[in-house]
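Read off the chains here:
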Amino acid sequence: MGLIGDRRIRPKERETTTVFATEPPWLLQLQGFSGNYRGLSSSLKPFSILQEDEFHKLANVTMNHLLEKIEDYGDNVQIDGFDIDYGNEVLTLKLGSLGTYVLNKQTPNRQIWMSSPVSGPSRFDWDREANAWIYRRTEAKLHKLLEEELESLCGEPIQLS
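Worth saying up front: this structure is predicted, and the values here are computed from it rather than measured.

> Please clarify how the overall build of the chain should be interpreted in this entry.
From N to C terminus, the chain includes three helices and eleven strands. Residues counted as buried form 36% of the 161 residues belonging to the chain. Within the chain, contacts between residues separated by at least 24 positions form 39% of all contacts whose residues are at least 6 apart in sequence. Element-wise, carbon and sulfur atoms account for 46% of the exposed surface of the chain, whose accessible area totals about 10,400 Å².

Quick look at the structure:
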């Protein structure tokens, strides 16, 4: 205890912080967090880290598959300004006044990042059990999310998976 003027000051009780986190507890501990953890989903788990060559193989197959399917889709929808391009590991889908999607490989993180005019930014990790790219915060699968958003924006269903 300390003394200020004529009052005794007790040391503060140890404060505990509660975090509502989307990151798993093991990652928060690595980052130095020692408070209470309340995750958004009990099913979230760390994904195994892909070797770089395996990541490139999976990501390239995914990007090329999306390119092919979305090119075919563009032939069936009437959207002014519809354009898709894949270069320098970046897939860009322009939907005129409806917005632009950008998907790119993030090799250091072993992720595919997507910028969407509907849902904003997302980072997808490869889930070996689901055999799919999963956004850990929402558990959304890349292909399913794109199917839902493109159908909503363009008015026509698309099958990507």
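> Could you clarify how one ought to interpret the pairing of strand E10 (residues 132–135) in this entry?
Looking along a regular strand, one sees side chains alternate from face to face of the sheet. Burial along E10 is two-sided: Ala132 and Ile134 facing one way and Trp133 and Tyr135 facing the other are all buried. Sheet analysis places strand E9 (residues 120–127) next to E10, joined by four bridges and oriented antiparallel. Pairing of Asp125 across the sheet is with Ile134, part of E10. Direction of pairing for E10 relative to strand E11 (residues 140–141): antiparallel, over a ladder of two bridges. Across the sheet, residue Tyr135 finds its bridge partner in E11, namely Ala140.

> Hey, could you run me through the nonpolar core in this one?
Within soluble globular proteins, side chains that are nonpolar tend to cluster in buried spots. In terms of nonpolar packing, the biggest core is built from 29 residues, with Leu103, Trp133 and Leu142 touching the most fellow members. Every element with two or more residues in this core is listed here: helix H2 (52–76), strand E6 (90–95), strand E7 (100–106), strand E8 (111–116), E9, E10 and helix H3 (142–154). Here this core takes seven residues from H2, the largest share from any one element.

> Which parts of the structure should I look at to understand the side chain of Gln111?
Assignment of secondary structure puts Gln111 in strand E8. Classification of Gln111 by relative accessible area gives buried; the value is 9%. Within the local environment of Gln111, its side chain forms a polar contact with the side chain of Trp113, the two groups lying 2.7 Å apart.

> What is the right way to read the pairing of E7 from this model?
Burial analysis of E7 places five of its seven residues in the buried class, which makes it a mostly covered element. Pairing analysis gives five bridges linking E6 to E7, with the strands arranged antiparallel. Its bridge partner lying in E7, Leu93 is registered against Tyr101. What sits between the antiparallel neighbours E6 and E7 is a turn of four residues, in which Gly96 has the positive phi angle 55°.

> Explain H3 here, please?
Owing to its 3.6 residues per turn, the α-helix aligns residues three or four sequence positions apart on the same side. Taking 1.5 Å of rise per residue, 13 residues should cover 18 Å, and H3 covers 18 Å from first to last C-alpha, within 8% of that figure. What H3 keeps buried is the set Leu142, His143, Leu145, Leu146, Glu147, Glu149, Leu150 and Cys154. Immediately downstream of H3, the backbone of Gly155 shows phi near 80°, a positive value.

> What is the right way to read the environment of His65 from this model?
Structurally, His65 can be placed in helix H2. Sequence separation between His65 and Leu160 is 95 residues, and the spatial gap between their C-alpha atoms is 8.1 Å. Other than its neighbours up to four places away in sequence, His65 contacts His143 and Leu160.

> Looking at this structure, how should I read the sheet that holds E8?
Strand pairing in a sheet is mediated by backbone hydrogen bonds. Such pairs are either parallel or antiparallel. Read from one edge of the open sheet, seven strands run E5-E6-E7-E8-E9-E10-E11, paired in antiparallel fashion. Strands at the two margins of the open sheet, each flanked by one partner only, are strand E5 (82–87) and E11. Judged from the six bridges that link them, E5 and E6 form a sheet pairing that is antiparallel. Pairing of Tyr86 across the sheet is with Leu91, part of E6. Together, E5, E6, E7, E8, E9 and E10 form the strand contacts of H2, whose direction differs from that of E5 by roughly 160°. Taken strand by strand, H3 contacts E6, E7, E8, E9, E10 and E11, and its axis lies near 165° from that of E7.

What counts, and at which threshold
Residues numbered from 1 in each chain as written. Predicted model: local features only at pLDDT ≥ 70, side-chain atom pairs only at ≥ 80, totals over all residues. Heavy atoms only, no water. Helix = DSSP H or I, 4+ residues; strand = E, 2+ residues; numbered from the N terminus. Buried < 20%, exposed > 50% of the residue type's maximum accessible area, 1.4 Å probe, protein only. Contact = heavy atoms within 4.5 Å. Areas by Shrake-Rupley, 256 points an atom, 1.4 Å probe, with all protein chains shown as cover. Pairing = 2+ DSSP bridges. Core = buried A, V, L, I, M, F, W, Y, C linked by side-chain atoms within 4.5 Å. Polar contact = N/O pair within 3.5 Å; in protein donor to acceptor, adjacent residues only side chain to side chain. Expected span 1.5 Å × (residues − 1). Axes fitted to C-alpha atoms, helices over the stretch in contact; angles between N-to-C directions.

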